[in-house]
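In case you want the letters, here they are:
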Amino acid sequence: MAAARPTVGPLSGGSSSSLGDSARFGVLTVSDRASSGVYEDLSGPAILGFFAEAIQSPWQVVYRLVPDEQPEIETAIKQLVDEQGCCLVVTTGGTGPAPRDVTPEATQAVCSRMMPGYGEQMRAISLKYVPTAVLSRQTAGIRGSALVINLPGKPKSIRETFDEVFKSIPYCVQLAGGPYIETNSEVVEAFRPAQDKRTVSSPAG
């Protein structure tokens, strides 16, 4: 498995004054050509850019770049969750109908419970822009107390979908036993029931 740092994009951020907990995220780019150096990975940095804009809690990212090989994808997800302690693993690439697009299969193989609503929502969003969104097989699932979610491979599509679906992700992670993630409401406002929201008078603990 290749471990690499993207050319552009912060690997940490957030504010220590946030009401949220510190969180570690995994970013996993799946691409034969990017992993072999044929071209630069632009998808991973797009996800990092979203985190820098949208996450108010203190956060760190562990970044990985692997080819379209199911065993390598599975290993990377397991390492990011089990060894690196990521509460959220975001994959990009490998979700289409081509023979080597196996990210959804790898995701399902390492998750104990699937969250198909995320794939359904992302396809509905993308269909507003391109009819080929129906070809996407993006999915999501729970491994331990972490959420693993598949995003599209193009930076533009990543932001079109992630900015919308992320509204429910902090609460999903919280319900799964992960940290309380606070967002920048000017970018994306995380939804939680009123009784599950933290306020200044109800500190972490």
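Described below are features of the structure shown in this document. (Residues numbered from 1 in each chain as written. Predicted model: local features only at pLDDT ≥ 70, side-chain atom pairs only at ≥ 80, totals over all residues. Heavy atoms only, no water.)

1. Section: the pairing of strand β5 (residues 88-92)
Within β5, five of the five residues are buried, which leaves it mostly tucked inside the rest of the structure. With burial as the criterion, each face of β5 is covered, one bearing Leu 88, Val 90 and Thr 92 and the other bearing Val 89 and Thr 91. The pairing of strand β3 (residues 23-30) with β5 spans five bridges and is classified as parallel. Its bridge partner being in β5, Thr 29 is matched across the sheet by Thr 92. (Buried < 20%, exposed > 50% of the residue type's maximum accessible area, 1.4 Å probe, protein only. Helix = DSSP H or I, 4+ residues; strand = E, 2+ residues; numbered from the N terminus. Pairing = 2+ DSSP bridges.)

2. Focus on the side chain of Ser 31
Among the structural elements, Ser 31 can be located in the loop between β3 and α1 (32-35). Since its relative accessible area comes to 9%, Ser 31 is described here as buried. Excluding residues that lie within four positions of it along the chain, Ser 31 makes contacts with Tyr 39, Val 66, Pro 67 and Asp 68. (Contact = heavy atoms within 4.5 Å.)

3. Topic: the packing of aromatic side chains
As enumerated under the stated definition, the model contains eight aromatic pairs in all. Where Phe 50 meets Phe 162, the ring centres are 4.6 Å apart and the plane angle is 45°; that geometry is what we call tilted. Here Phe 50 is found in helix α2 (residues 43-54), whereas its partner Phe 162 is found in helix α6 (residues 155-165), with 112 residues between them in sequence. For the residue pair Phe 50 and Phe 162, the accessibility class agrees, reading buried in each case. Plain terms: the ring middles of Phe 51 and Phe 162 are 6.2 Å apart, the flat faces sit at 70° to each other, and that makes the pair edge-to-face. One end of the pair, Phe 51, is in helix α2; the other, Phe 162, is in helix α6, with 111 residues separating them in the sequence. (Phe/Tyr/Trp six-rings, centres within 6.5 Å; stacked < 30°, edge-to-face > 60°.)

4. As for the pattern of salt bridges
Within this structure, the stated rule accounts for nine salt bridges. One salt bridge connects Glu 160 with Lys 156, and the closest N-O pair in it is separated by 2.3 Å. Of the two residues, Glu 160 and Lys 156 are both situated in helix α6; the distance of four residues between them amounts to about one turn of the helix. Among the residues examined, Lys 156 registers a relative accessible area of 59% and is labelled exposed. When the shortest N-O distance is used, the salt bridge between Arg 159 and Asp 163 registers 2.7 Å. (Salt bridge = Lys/Arg side-chain N within 4 Å of Asp/Glu carboxyl O.)

5. What about the packing of α2 against α6?
Contact geometry for α2 and α6: axes closest at 9 Å, N-to-C directions at 35°. Taken as a pair, α2 and α6 cross one another with a handedness that is right-handed. Residues Ser 43, Ala 46, Ile 47, Gly 49, Phe 50, Phe 51 and Glu 53 of α2 lie in contact with α6, whose contacting residues are Pro 155, Ile 158, Arg 159, Phe 162 and Asp 163. Looking at the contact of α2 with α6 residue by residue, the class counts come to seven nonpolar, two polar and three charged. (Axes fitted to C-alpha atoms, helices over the stretch in contact; angles between N-to-C directions. Left-handed = near helix turned anticlockwise from the far one by under 90°. Nonpolar A, V, L, I, M, F, W, Y, C, P; charged D, E, K, R; others polar.)

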